[in-house]
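# Descriptive analysis of the structure
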Amino acid sequence: MGSIYTESGRGMLPILKPPKLDLEELARVQRRVAEQVIEEDRLEKLETIAGCDISFAEGDRACAACVLLDYESLEVIKQKVVAVKLKFPYIPTFLAFRELEGMLRAIEGIDADVYMVGAHGRAHPRRAGLACHLGVTLDKPTLGVAKGRLCGTAEEPPRRRGAYTLLKDGGETIGAVLRVLPGSRPIYVSVGHKLSLGKAIEIALGTARDHRLPEPLRVAHQLATREMRSKRFKSCAQSW
DNA sequence: GCGACAG
DNA sequence: ATCTTGTCGC
């Protein structure tokens, strides 16, 4: 791994390069990624799940974390956190070009049955959110779980755990707005790759316990944030 | 023209 | 995203 081009189904995808700030070109890349997404369950098994997240420090320094959990017990099996340098600015709808590279580095060496990403999947204007980029790149099942909406519209789901409404855009269903805790705002769940929306919802809800965010993401975020505030991270002038 | 806008 | 503990409200 670590390569700019990634093997995936039909060949090499120019998912990464030190992306140039040519949004027209990057939007084309996203459409190509969107075409390759499979919205069907292609899980071999569901014994483990990985949570992937990135925490930001000042400027372009950040920490990417990947935590592998047992799907049933949610016990942490393995975890990895790395300091990364971001090479692309945050531009709504182009998040993948900012975070995918670092996320891949945190995932290196961690093989899970499904990967949960702290961002959207298909619930994206071009149906190619970060979770889709990751899924197509790894050729593994992924789902996106976000705290806020990027596009589309939906009714507010009832205040009951497990209640959800469909997120729609341009006549198509792109995700779901899922209530995990009765008293908290809902979360946005969408397919990343090789999963059906129903399965993605089942996984998000099934791995959520006493918090609004599912455990894989909560733990990954904790790990990344803790590392970012650690001496080790602050003292190393240049993080790679 | 005026918002909206994952992290 | 991040700076940040307790606290006001339902």
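These numbers were taken from a predicted model, which means no experiment stands behind them.

## Quick notes on the protein's contact with DNA strand B
Surrounding DNA strand B, one finds 17 residues, the nearest of these being Tyr90, Thr93, His120, Lys147 and Arg149. The sugar-phosphate share of atoms of DNA strand B within 4 Å of the protein amounts to 46%. Between His124 and DNA strand B, the recorded distance is 3.5 Å, taken from a side-chain N or O atom to a base nitrogen. Looking at side-chain class alone, the surface near DNA strand B contains eight nonpolar, six polar and three charged residues.

## Regarding the environment of Cys66
Relative to the elements of secondary structure, Cys66 occurs in strand β4 (residues 61-70). Between the C-alpha atom of Cys66 and that of Ile54, which follows or precedes it by 12 residues, the distance is 8.9 Å. With residues up to four places along the chain from it excluded, the contact list for Cys66 reads Ala50, Gly51, Cys52, Lys78, Gln79, Lys80, Ala106, Ile107 and Ile110.

## Considerations on the protein's contact with DNA strand C
Around DNA strand C, the surrounding shell consists of Ser55, Phe56, Lys147, His221, Thr225 and Arg229. Here the atoms of DNA strand C within 4 Å of the protein split so that 100% fall in sugar or phosphate, with bases taking the remainder. Here Ser55 contributes a side-chain N or O atom positioned 3.2 Å from a phosphate oxygen of DNA strand C. For DNA strand C, a phosphate oxygen lies 2.7 Å from a polar atom in the side chain of Arg229. Within the surface near DNA strand C, the residues separate by chemical class into one nonpolar, three polar and two charged.

## What to know about the pattern of salt bridges
Counted by the stated rule, this structure contains 15 salt bridges. In this structure, Glu25 engages Arg28 in a salt bridge whose closest nitrogen and oxygen atoms are separated by 2.9 Å. Within this pair, Glu25 and its partner Arg28 are both found in helix α1 (residues 23-36), separated by three residues, close to a single helical turn. Overall, Glu25 belongs to the partly exposed group, its relative accessible area being 34%. Using a relative accessible area of 43% as the deciding quantity, one classes Arg28 as partly exposed.

## A short note on the packing of aromatic side chains
Throughout the structure, instances matching the rule amount to two aromatic pairs. Taking the centre distance of 6.0 Å and the plane angle of 55 degrees together, the rings of Phe88 and Phe97 count as tilted. By relative accessible area, Phe88 is classed as buried at 3%. Judged by centre distance (6.3 Å) and plane angle (35 degrees), the ring pair of Phe94 and Phe97 falls under tilted. A residue is classified by how much of its surface remains accessible, and Phe94, at 6% relative accessible area, is buried.

## Overview of the layout of surface pockets
One way to see where empty space is left: roll a probe the size of a water molecule over the atoms. Roughly 560 Å³ of volume is contained in the largest pocket. Leu95, Gly118, Ala119, His120 and Ala146 are, among the 28 residues lining the largest pocket, the residues nearest its centre.

## A short note on helix α5 (residues 215-228)
Compared with the 20 Å implied by 1.5 Å per residue over 14 residues, the 20 Å span of α5 between its first and last C-alpha is a close match. Taking burial as the measure, the 14 residues of α5 include 10 buried ones, the bulk of the element. Along α5, the residues that are buried comprise Glu215, Pro216, Leu217, Val219, Ala220, Leu223, Ala224, Thr225, Glu227 and Met228.

The rules behind each value
Residues numbered from 1 in each chain as written. Chains lettered and ligands numbered in written order. Predicted model: local features only at pLDDT ≥ 70, side-chain atom pairs only at ≥ 80, totals over all residues. Heavy atoms only, no water. Near = heavy atom within 4 Å. Polar contact = N/O pair within 3.5 Å; in protein donor to acceptor, adjacent residues only side chain to side chain. Nonpolar A, V, L, I, M, F, W, Y, C, P; charged D, E, K, R; others polar. Helix = DSSP H or I, 4+ residues; strand = E, 2+ residues; numbered from the N terminus. Contact = heavy atoms within 4.5 Å. Salt bridge = Lys/Arg side-chain N within 4 Å of Asp/Glu carboxyl O. Buried < 20%, exposed > 50% of the residue type's maximum accessible area, 1.4 Å probe, protein only. Phe/Tyr/Trp six-rings, centres within 6.5 Å; stacked < 30°, edge-to-face > 60°. 1 Å grid on protein atoms, 1.4 Å probe; cavity = no way out; pocket = protein on both sides within 12 Å on 5 of 7 lines; lining within 4 Å. Points joined across faces, edges and corners; volume = space filled by probe spheres on them. Expected span 1.5 Å × (residues − 1).

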